[in-house]
Amino acid sequence: MTLPRLRFDAAQAADPLAAFAPRPEWLWLEVGFGGGEHALAQIAAHPRTGLIACEVYANGICSLLAKLVAEGMEETGALPPNLRLWAEDARPLIHALPAASLDGLALMFPDPWPKARHARRRFVHPANVVELARVIRPGGVWRIGTDDPVYQAWTADVLAAQHFFEVPPPATERPAGWPPTRYEAKAVAAGRRPLWWELRRNAAAT
Ligand SMILES: C[S@@+](CC[C@H](N)C(=O)[O-])C[C@H]1O[C@@H](n2cnc3c(N)ncnc32)[C@H](O)[C@@H]1O
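Just so you know, the residues in each chain are numbered from 1, in the order the chain's sequence is written. Reporting in this predicted model follows two pLDDT cut-offs: at least 70 for local features of residues, and 80 or more for side-chain atom pairs to be given and counted; totals over whole chains, interfaces and linings ignore these cut-offs and use all residues. Computation of side-chain values covers all heavy atoms of the structure but excludes hydrogens and water.

Peer 1: Sorry, what's going on with a positive patch on the surface here?
Peer 2: Together, K115, R117, R120 and R121 give the surface a local cluster of positive charge. The classification of residues rests on relative accessible area computed with a 1.4 Å probe and restricted to protein chains. Under 20% of the type maximum is buried, over 50% is exposed, and intermediate values are partly exposed. For R121, a relative accessible area of 37% gives the class partly exposed. Patch definition: residues with relative accessible area over 30% and no salt bridge; like charges joined within 9 Å; nonpolar side chains (Val, Leu, Ile, Met, Phe, Trp, Tyr) joined within 5 Å. Values of accessible area rely on a 1.4 Å probe in the Shrake-Rupley scheme; residue burial ignores everything except the protein chains shown. When a carboxyl oxygen of Asp or Glu lies within 4 Å of a side-chain nitrogen of Lys or Arg, that pair is called a salt bridge. Positive charges come from Lys and Arg alone, negative charges from Asp and Glu alone, with His and the N- and C-terminal ends not counted. By convention, charge coordinates are those of NZ in Lys, CZ in Arg, CG in Asp, or CD in Glu.

Given below as structure tokens:
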């Protein structure tokens, strides 16, 4: 099995860089990696950055693992040293991380939960913003991509109501250095128009 060899253990949350060998210089976290396209492209492009990639969906986790190791090589195939997987809800892990421990967090095409009565399930949520402001270091980055019009308007409203992150207008074309995802390709093919936010943690706000 490949997953146990890559798994980020909850006990490692107090010193997350120590979960990697060699110890990376920077640490990013990706919430909901889906099939893993974005996560795998990022670890290849940034070998000195450790990535904790989180996903609850078993098929997604299997899809990423299948891209990493050939069948029959699950126990011995070489694995990227700068990737660890969290195969559960990302929120308890984020809660367990030390303050200012993340250089960046990627939230690529989160589940939109478009019905108003499900709004509290959206990852972009005032309570999560406060928690992300705790774990993302001053000057660190929070990237959000979403194609859903309800989620786009919701995200703009939530971000306008907080003071922890600087919020430039979202890009209407995927910015350079943001690898594409499977979900994004489907959304564009269906005629939806994604927006991409790159937020920076405000050094002064507490
Ligand atoms: C719409 S899909 C997008 C997947 C991928 N980022 C992409 O763009 O192709 C959202 C993914 O986030 C995962 N997810 C949602 N909430 C999560 C959470 N709290 N922790 C980890 N994964 C989560 C879901 O299982 C789902 O695979």
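Peer 1: Just checking my understanding: could you explain the site of the ligand for this structure?
Peer 2: Around the ligand sit 16 residues in total, of which G32, E55, A90, M108 and T181 are the nearest. Polar contacts, as used here, are pairs of N or O atoms within 3.5 Å; protein pairs need one atom able to donate a hydrogen and one able to accept it. Residues neighboring in sequence count only if both atoms are side-chain atoms. Between the ligand and the protein, one listed contact pairs a nitrogen atom with a backbone N or O atom of G32 at 2.7 Å. In this structure, A90 approaches the ligand through a main-chain N or O atom, which is 2.9 Å from a nitrogen atom. Protein contacts shield 85% of the accessible area of the ligand, which totals 600 Å² for the unbound molecule. By the criteria applied, helices consist of DSSP H or I runs no shorter than four residues and strands consist of E runs no shorter than two, each listed in order from the N terminus. For the shell around the ligand, the elements supplying multiple residues, two or more each, are α4 (90-96) and α7 (182-189). Only Asp, Glu, Lys and Arg are considered charged in this grouping, and only Ala, Val, Leu, Ile, Met, Phe, Trp, Tyr, Cys and Pro are considered nonpolar; every other residue, Gly among them, is considered polar. Its residues placed into classes, the shell around the ligand shows 7 nonpolar, 3 polar and 6 charged. Note on definitions. A residue lies near a molecule or strand when any single heavy atom of the residue is within 4 Å of it.

Peer 1: Explanation requested: the packing of aromatic side chains in the structure shown.
Peer 2: For any two aromatic rings, the description comes down to two numbers: the centre-to-centre distance and the angle of the planes. Note on ring pairs: Phe, Tyr and Trp rings are taken, using the six-membered ring of Trp, and paired if centres are within 6.5 Å. Classes follow the plane angle, with under 30 degrees stacked, over 60 edge-to-face and the rest tilted. One pass over the full model with this rule turns up 4 aromatic pairs. On the numbers, 6.4 Å between centres and 65° between planes, the contact of F8 with W86 is edge-to-face. With F8 in the loop between α1 (3-6) and β1 (26-31) and W86 in strand β3 (residues 83-86), this pair connects stretches of sequence that are 78 residues apart. Judged by relative accessible area, which is 8%, W86 ranks as buried. By way of ring pairs, the aromatic residues F109, Y183 and W196 are connected into one cluster. A ring is scored as having a charge over it whenever the NZ atom of a lysine or the CZ atom of an arginine sits within 6 Å of its centre and within 35 degrees of its normal. Over the ring of W113 we find R121; its NZ or CZ atom is 4.8 Å from the centre of that ring. In this structure, R122 packs its charged tip against the face of W154, placed 4.6 Å from the ring centre.

Peer 1: Teacher, can you tell me more about the sheet that holds β3 here?
Peer 2: Backbone-to-backbone hydrogen bonds join strands into a sheet, with any given pair of strands oriented parallel or antiparallel. Paired strands, in this sense, are two strands between which DSSP finds at least two bridges. The sheet built from 7 strands is open, its strands ordered β3-β2-β1-β4-β5-β7-β6 with mixed pairing. What marks the edges here is a single partner per strand, and that holds for β3 and β6 (165-166). Contacts: residue pairs with any heavy atoms within 4.5 Å of one another. Axes here refer to lines fitted to C-alpha atoms; in helices the fit is confined to the stretch in contact. Angles between the N-to-C directions go from 0 to 180 degrees. Most of the contacts of helix α2 (residues 37-45) go to strand β2 (residues 49-54), to which it runs at about 170°, and overall it touches β1, β2, β3, β4 (102-108) and β5 (136-146).

Peer 1: I'm lost on the nonpolar core in this one. Help?
Peer 2: Proteins that are soluble and globular tend to have nonpolar side chains buried together. To define a nonpolar core, start from buried Ala, Val, Leu, Ile, Met, Phe, Trp, Tyr and Cys residues and group those joined through side-chain atoms within 4.5 Å. Grouped together as the largest cluster of nonpolar side chains are 35 residues, with contacts concentrated most on L29, L105 and W142. For this core, the secondary structure elements donating two or more residues are β1, β2, α4, β4, α5 (126-135), β5, α6 (149-160) and β7 (195-201). In terms of residue count, α5 provides more of this core than any other element does, 4 residues in total. Among all residues touching W142, those that are not within four sequence positions of it are L105, L107, V124, V129, L132, I136, L159, F165, W197, E198 and L199. Counting residues in hydrophobic clusters, the runner-up holds 20 residues, among them L6, F33, I43 and F109.

Peer 1: Help me understand the pattern of salt bridges in this model?
Peer 2: Oppositely charged side chains can form a pair if their charged atoms are brought close together. For the structure shown, the criterion picks out 10 salt bridges. Notably, a salt bridge pairs D103 with R137, separated by 2.5 Å at the nearest N-O pair. Of this pair, D103 sits in strand β4 while R137 is found in strand β5, placing the two residues 34 residues apart along the sequence. The class for D103 is buried, based on a relative accessible area of 13%. Its relative accessible area of 30% is what places R137 among the partly exposed residues. Put simply, R174 and E184 hold a salt bridge, and the shortest N to O gap is 2.8 Å. Here E184 lies in helix α7 and R174 lies in the loop between β6 and α7, a separation of 10 residues in the sequence. Taken together, the salt bridges that share partners define one network made up of R143, E198 and R200.

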